[in-house]
Amino acid sequence: MDRPGRSPAVYFLSDYGTDDEFVGVVHTVLHRVAPTMPVIDLGHRVPPFDIAAGSAMLVRCGPYLGSGVVLAVVDPGVGTGRRGVAVEVVGAGPRWLVGPDNGLLEPLAKTLGGARRVVDLRPGALQPRWWPAEPGGGTFDGRDLFAPAAAHLVVGVPASALGSDADPGSLVPLCTDGVLVEVRAGAGAIDVRVTWVDRFGNVQLGGGSTELDAIGLTEAATVSVAVLGPSVAIGSPISDRARRVEAFAALGAGELGLMVDSNGRLALVLREASAARRLKLGVGDIVRIGVTDEDIAG
Amino acid sequence: MDRPGRSPAVYFLSDYGTDDEFVGVVHTVLHRVAPTMPVIDLGHRVPPFDIAAGSAMLVRCGPYLGSGVVLAVVDPGVGTGRRGVAVEVVGAGPRWLVGPDNGLLEPLAKTLGGARRVVDLRPGALQPRWWPAEPGGGTFDGRDLFAPAAAHLVVGVPASALGSDADPGSLVPLCTDGVLVEVRAGAGAIDVRVTWVDRFGNVQLGGGSTELDAIGLTEAATVSVAVLGPSVAIGSPISDRARRVEAFAALGAGELGLMVDSNGRLALVLREASAARRLKLGVGDIVRIGVTDEDIAG
Amino acid sequence: MDRPGRSPAVYFLSDYGTDDEFVGVVHTVLHRVAPTMPVIDLGHRVPPFDIAAGSAMLVRCGPYLGSGVVLAVVDPGVGTGRRGVAVEVVGAGPRWLVGPDNGLLEPLAKTLGGARRVVDLRPGALQPRWWPAEPGGGTFDGRDLFAPAAAHLVVGVPASALGSDADPGSLVPLCTDGVLVEVRAGAGAIDVRVTWVDRFGNVQLGGGSTELDAIGLTEAATVSVAVLGPSVAIGSPISDRARRVEAFAALGAGELGLMVDSNGRLALVLREASAARRLKLGVGDIVRIGVTDEDIAG
């Protein structure tokens, strides 16, 4: 079905968690429609209903995805009027993204070259013969709508069989609450939002190294780090110092580091310990990273 | 091995959790016996030893399973005299169910058309040549007994090679503690047991909509909801109101809903929030759903 | 690529957890290089940075692994000078082990017949054409170094293309803190370290049954069990009695058992309950198992 010379797969992400059978049932549906197609789980423990977190995971996966179809379901609006869509993108990598049109898919579509086509999925289109005669209510579109659509697309069924074309520019953008990065060059500092805390406690920030360069921070500078909230009580701000490094190896035990992480993003890190715990940071917190006396580049 | 025109798989469910290597080792055993056969994980975080929860997960998966073999292991009695069995069912979908005969498989067998054949698995039957010379003690039948049996069955080895036939009616039924549903038509209420709380806090109930219809509740009625225990302290019962709806979309923020869920079962739900937390409900609790003044159908 | 007559796979273990997309991204990289190769997840919830726990999981899987490549990543030293290696082993089962050279791989190599060849992996060797032009910093060698190496090896690329040969005896051994087993024959007791607590609360011990036999404990003896710490407060040692049994079935409700587990190791167990919780035991604790009056074999 896909660009020649590559082996397609379905790439599956959701907030279904791993306690229930949701992920497994979706796999069975994919297998029945596309039995020889590999399914790669990108992750299923997106916090429930957290569209922004799911979208960020997809974007971090983006550069590594091969050909095929992305199936992504973080769907607080299931059972409302929100559309289900299949989005054809123009870049290398996967050709179709399938899921709810609630902002989850739009950032990935952008990083994959942009949407060239958007198809409104029609419930029940191409319903398999074996589909249960009395299925449950409309609360599990991952199983009932998105998995069948993804599986049909990945085996080469034309998208026109799954629904009708919509305006390629109609995709709902991700709603982000407030400014993510604010560069305060005058004050020699940037305020930046925490976008992800990973399992190891590394704290990824919403801004890149460009902004730090702009305020004159040298590669090996020591910077000040102040947690501005909102999760920290006003009156007792946590402040610390971090050293800009290129690898964990450059850090001593207990020394806070500021480095470019494996996604090319700025991150606050400790060596073999949790920077998030040390700084009491969570997603959405704002951190001020500033020049210290010894920072000024010569 | 299976009904023609369909692609078999092994469908694997257990209470092994995901912290240890149990699931991975079973996959290696399946792969060595049936290397080209897909293995679909239905879920492995069944609460430890909770046969009823595992059985319910299997039943919810049932209508979506394709051909092949179900491998299910929730096995508090491993190392006791309980049988290991392979159960042939008569319906569409998977042909064999493999696991301990402790009630785990029986409800799924029933929903798949009933057991036509039960084979007592013989430990060590068809043991692969590569099997470790000094395996461990008899506490891991998922690896040592059930996975080899499932893998041999799915590649077409006759069941007679794995053990001896038993009475097809001999399958141990699921032991359920007490009455699941009690319809109190006289009082205009039903008492019903909580059978599942999913990751999103949706509360699935042991009774269907038939009972509510019987007591005269209209589709759009508002019902009273009272938590009778046992997990709530006597003297402070939680009571609330819920509206019968067809989709999350019909609910306002914070409004409790009563709807038919994706398995065709009644469930108490909130929109984008946990009804279980709101009502302090867990599996096994009894909920009374009753007629309110505005309920009486015209 | 592998020994004839068997179906290779990649066996993947890590401490990446299941909350983030780390495992999924590694799968996409494996799939792009080796699209038809099965990938079996041995487990990804090794405690963060816990090389000993990851190593123990690998060793427990060892006897069941088929042909192919083991990809194992527990890598606190990523971004430091530690080597990445591919280790060729001489036994049956997998031919190559790939991961950081920090002790993680060495015990598995030993149980698989020993290392016959060690190759220092060269970052960027055989980098695929599709690799992102601007990848992130050097903190994710699982994705950037080890997965490409494992995938190339499993499809038959010679190891010489991935790096240069090193001394086969140069593999870093697992660093274990202190004595694991101490047999105190004179006192009729052994002191032994807890090496693993599984999901069910079974407590695996660092010593086997040989030592107990040596101090004259019969098969069905009752032994004394005393928790010596370090996780128990001095002054209030927990002591108990356990009966040597061959199966859970032999235990009454609440009766502590000492048995050979599914890995051939001694374990303290309860029937359908957690021995770890009962004895307040965790990994690293020392347990003294001793002769009681009724123990002395006739």
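Structure: above.
The structure presented is a predicted model; accordingly, all values stated were derived computationally and were not measured. (Residues numbered from 1 in each chain as written. Chains lettered and ligands numbered in written order. Predicted model: local features only at pLDDT ≥ 70, side-chain atom pairs only at ≥ 80, totals over all residues. Heavy atoms only, no water.)

**A few points about the sheet that holds strand β2 (residues 39-43) of chain A**
Residue and element names in this part refer to chain A. Read from one edge of the open sheet, seven strands run β2-β1-β3-β5-β4-β6-β7, paired in mixed fashion. With one partner strand each, in any of the chains shown, β2 and β7 (163-166) form the two edges of the open sheet. The average undirected angle you get between the axes of adjacent strands in this sheet is 25°. Helix α4 (residues 141-154) contacts β1 (9-14), β3 (68-73), β4 (84-89), β5 (96-100) and β6 (115-121) of the sheet and is inclined by roughly 170° relative to β3. (Pairing = 2+ DSSP bridges. Helix = DSSP H or I, 4+ residues; strand = E, 2+ residues; numbered from the N terminus. Axes fitted to C-alpha atoms, helices over the stretch in contact; angles between N-to-C directions. Contact = heavy atoms within 4.5 Å.)

**Thoughts on the relation of the copies chain B and chain A**
You can overlay chain B on chain A at an RMSD of 0.0 Å; the transform is a turn of 120° with a shift of 0.0 Å along its axis. Between the two chains, the operation in question is that of a three-fold axis. Looking at the interface residues of chain B, only 3% of them are also at the interface in chain A, so each copy uses its own face. (Least-squares fit on C-alpha atoms with pLDDT ≥ 70 in both.)

**What about the relation of the copies chain A and chain C?**
Expressed as a screw operation, the relation of chain A to chain C combines 0.0 Å of axial shift with a rotation of 120°, fitting to an RMSD of 0.1 Å. Mapped onto chain C, only 3% of the interface residues of chain A are again interface residues, and the two copies thus contact each other with different surfaces.

**Points about the pairing of strand β13 (residues 257-260) of chain A**
All names here are of chain A. Alignment of strand β12 (residues 239-244) against β13, held across two bridges, turns out to be parallel. Within β13, the position partnered with R243 by the bridge is G257. Here β13 pairs with strand β14 (residues 266-269) via four bridges, running antiparallel. Its bridge partner lying in β14, M259 is registered against A267. Following β13, the chain reverses through five residues before pairing antiparallel with β14; G264 in that reversal takes a positive phi of roughly 80°.

**Quick word on the interface of chain B and chain A**
Taken together, the contacts link 34 residues of chain B with 36 residues of chain A. On the surface where chain B and chain A come into contact, there are two salt bridges. The partner of E21 of chain A in a salt bridge is R60 of chain B, with the nearest N and O atoms 2.6 Å apart. For the pair chain B and chain A, the number of links is 13 residue pairs in polar contact (both at pLDDT 80 or more). Every element with two or more residues in the side of chain B that touches chain A is listed here: β1 (9-14), β2 (39-43), α2 (51-61), β9 (189-197) and β13 (257-260) of chain B. (Salt bridge = Lys/Arg side-chain N within 4 Å of Asp/Glu carboxyl O. Polar contact = N/O pair within 3.5 Å; in protein donor to acceptor, adjacent residues only side chain to side chain.)

**Here's the deal with the packing of helix α1 (residues 22-33) of chain B against helix α4 (residues 141-154) of chain B**
Residues and elements named next belong to chain B. Following both chains from N to C, one finds α1 and α4 inclined at 35°, their axes separated by 9 Å at the closest point. At the point where α1 passes α4, the crossing takes the right-handed sense. Every residue of α4 that contacts α1 at V25, V26, V29, L30 and V33 is listed here: G142, R143, A147, P148, A150, A151 and H152. Residues of the contact of α1 with α4, tallied by class, amount to nine nonpolar, two polar and one charged. (Left-handed = near helix turned anticlockwise from the far one by under 90°. Nonpolar A, V, L, I, M, F, W, Y, C, P; charged D, E, K, R; others polar.)

**Considering the interface of chain A and chain C**
Chain A puts 34 residues into the contact, and the matching count from chain C is 36 residues. Summed over both partners, the interface of chain A with chain C buries about 2800 Å², with 60% contributed by carbon and sulfur atoms. Looking at the side of chain A facing chain C, the largest losses of area belong to Y64, R199 and F200 of chain A, adding up to 30% of the total buried there. Put simply, chain A and chain C have two salt bridges between them. (Buried area = accessible area lost by both parts, 1.4 Å probe.)

**A few points about unusual backbone geometry**
Residue and element names in this part refer to chain B. Not every positive phi belongs to a glycine, and E272 is a case in point at roughly 60°. In this structure, E272 sits in the loop between β14 (266-269) and α6 (275-279). Look at E272 and you get partly exposed, because its relative accessible area is 43%. (Buried < 20%, exposed > 50% of the residue type's maximum accessible area, 1.4 Å probe, protein only.)

**Things to note about the side chain of R60 of chain C**
If you trace the backbone, R60 of chain C turns up in helix α2 (residues 51-61). Assessed through its relative accessible area of 8%, R60 of chain C is described here as buried. If near-sequence neighbours (up to four positions away) are discounted, R60 of chain C is found in contact with E21 of chain B together with W196, Q204 and N263 of chain C.

**Concerning the sheet that holds β1 of chain B**
Residues and elements named next belong to chain B. Reading across from one edge, β2-β1-β3-β5-β4-β6-β7 is the order of the seven strands in this open sheet, with mixed pairing throughout. Of all the strands in the sheet, just β2 and β7 (163-166) have a single pairing partner and so form its edges. Sheet twist, expressed as the mean angle between neighbouring strand axes with direction ignored, is 25°. Examined bridge by bridge, strand β4 (residues 84-89) and strand β6 (residues 115-121) share five bridges and lie antiparallel to one another. When the sheet's bridge partners are listed, A86 is paired in β6 with V119. Strands in contact with α1 are β1, β2 and β3 (68-73); relative to β1, the strand with the most contacts, it is inclined by about 155°.

**Observations regarding the packing of aromatic side chains**
Following the criterion strictly, the structure yields 24 aromatic pairs over all chains and no others. Note on F22 of chain A and W196 of chain B: the rings are 5.6 Å apart at their centroids and 45° apart in plane angle, and the pair reads as tilted. Of the two residues, F22 of chain A is situated in helix α1 (residues 22-33) and W196 of chain B in strand β9; the pairing between them involves two chains. Judged by its relative accessible area of 7%, F22 of chain A falls in the buried class. The side chain of R32 of chain B reaches across the aromatic face of W130 of chain B, ending 3.9 Å from its centre. The residue whose ring lies beneath R60 of chain B is W196 of chain B, and the NZ or CZ to ring-centre distance is 3.3 Å. (Phe/Tyr/Trp six-rings, centres within 6.5 Å; stacked < 30°, edge-to-face > 60°. Lys NZ or Arg CZ within 6 Å of the ring centre and 35° of its normal.)

**Description of the side chain of D101 of chain B**
Residue and element names in this part refer to chain B. Among the secondary structure elements, D101 is positioned in the loop between β5 (96-100) and α3 (106-111). A residue is classified by how much of its surface remains accessible, and D101, at 7% relative accessible area, is buried. Among the polar contacts made by the side chain of D101, one reaches the side chain of R83 at a distance of 2.7 Å. One polar contact links the side chain of D101 to the main-chain amide nitrogen of V172, over a distance of 2.9 Å. Look past the residues within four positions of D101 in its chain and what remains in contact with it is R82, R83, V85, S170, L171 and V172.

**Concerning the pattern of salt bridges**
This model, assessed by the stated rule, comprises 39 salt bridges over all chains. Across the pair D101 of chain C and R83 of chain C runs a salt bridge, and its minimum N-O distance is 2.7 Å. With a gap of 18 residues between them, D101 of chain C in the loop between β5 (96-100) and α3 (106-111) and R83 of chain C in the loop between β3 (68-73) and β4 (84-89) connect regions that are remote in the sequence. Given a relative accessible area of 21%, R83 of chain C falls into the partly exposed group. Bridged by salt links that share partners, the residues D75, R82 and D141 of chain A form one connected network.

**Points about the environment of R95 of chain C**
Residue and element names in this part refer to chain C. Locating R95 in the fold gives a position in the loop between β4 and β5. For R95, a relative accessible area of 27% corresponds to the partly exposed category. Sequence separation between R95 and M37 is 58 residues, and the spatial gap between their C-alpha atoms is 15 Å.

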